[in-house]
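Given next are the chains, with one letter for each unit.
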Amino acid sequence: SAVISQKPSRDICQRGTSLTIQCQVDSQVTMMFWYRQQPGQSLTLIATANQGSEATYESGFVIDKFPISRPNLTFSTLTVSNMSPEDSSIYLCSVRPHTTYNEQFFGPGTRLTVL
Amino acid sequence: EDQVTQSPEALRLQEGESSSLNCSYTVSGLRGLFWYRQDPGKGPEFLFTLYSAGEEKEKERLKATLTKKESFLHITAPKPEDSATYLCAVPGVNNQGGKLIFGQGTELSVKP
């Protein structure tokens, strides 16, 4: 399995500001994803981070709110823009290392609190 | 619509008291069922993949099984360190299987 790191591990932000979360993988992977886990809830996919092209967003998530970059096969960023308290969640990146198998492996997460 | 339902929502066991967690799924064409363990404030830790009915996987005190409609995670003689939330997930139909549909999880607490 891939080793995944995220920065920052946690942050407390003010309403109206933006935060960029970084995800680094120790090997090249084709597919990278960003998930959100709201307090007491399960995981929900935000978008698929595509290398060299625009991210693919799930219903209910838009690029203006959650811009994503994927400059290469080992790195991606997720920005949470114009934050409100409702954005307080754990944000997780995941990777699917194998093209044949569907397993995904998750990073440690970024715990975001918006005041 | 793809759906995953886990039960119970919470389970409290005494150390050594074996039990099972359930994951029921509805999906068009199963492309794997995954079990994860999640500790508070951390990312999910991958445990098992099951691909076909009848398949079983084991890891220490955990054994995962799969039927055509559900999966079970059996915990034998649990210890307090097994306390965590256990999540199951299946790949959705769209997005080339990249979108995992998660259940709500079962929060397991094992008391000494």
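Residues numbered from 1 in each chain as written. Chains lettered and ligands numbered in written order. Predicted model: local features only at pLDDT ≥ 70, side-chain atom pairs only at ≥ 80, totals over all residues. Heavy atoms only, no water.

K.L.:
Explanation requested: the overall build of chain B in the structure shown.
P.N.:
Scanning chain B from terminus to terminus reveals zero helices and 11 strands. Each helix and strand of chain B, placed in order from N terminus to C terminus, yields the pattern β-β-β-β-β-β-β-β-β-β-β. By the compact-globule yardstick of 13 Å for 112 residues, chain B fits well, its C-alpha radius of gyration being 14 Å. By its C-alpha atoms, chain B is 45 × 30 × 20 Å across when sized along the principal axes. By the burial criterion, 46% of the 112 residues in chain B qualify as buried. Put simply, chain B shows about 5500 Å² of open surface, and 46% of that area lies on carbon and sulfur atoms. Side chains of chain B give 13 positive and 15 negative charges; the mean places of these two sets differ by 2 Å. (Helix = DSSP H or I, 4+ residues; strand = E, 2+ residues; numbered from the N terminus. Rg over C-alpha atoms; globule rule 2.2 N^0.38 Å. Buried < 20%, exposed > 50% of the residue type's maximum accessible area, 1.4 Å probe, protein only. Areas by Shrake-Rupley, 256 points an atom, 1.4 Å probe, with all protein chains shown as cover. Lys, Arg positive; Asp, Glu negative; His and termini not counted. Charge placed at Lys NZ, Arg CZ, Asp CG, Glu CD.)

K.L.:
Looking at this structure, how should I read unusual backbone geometry?
P.N.:
Comment: phi is negative for the bulk of residues other than glycine, and the bulk of peptide bonds are trans. Note that the residue after A:Lys7, namely A:Pro8, is joined by a cis bond; omega there is -10 degrees. As for its position among the elements, A:Pro8 is in the loop between strand 1 (4–7) and strand 2 (10–13). Residue B:Pro8 is reached from B:Ser7 by a cis peptide bond, and omega for that bond is -10 degrees. The backbone of A:Asn82 sits at a positive phi, close to 45 degrees, despite the residue not being glycine. Within the fold, A:Asn82 resides in the loop between strand 8 (75–80) and strand 9 (89–96). Under the relative-accessibility criterion, A:Asn82 is labelled exposed at 55%. With phi around 55 degrees, B:Glu60 is a residue other than glycine that occupies positive phi space.

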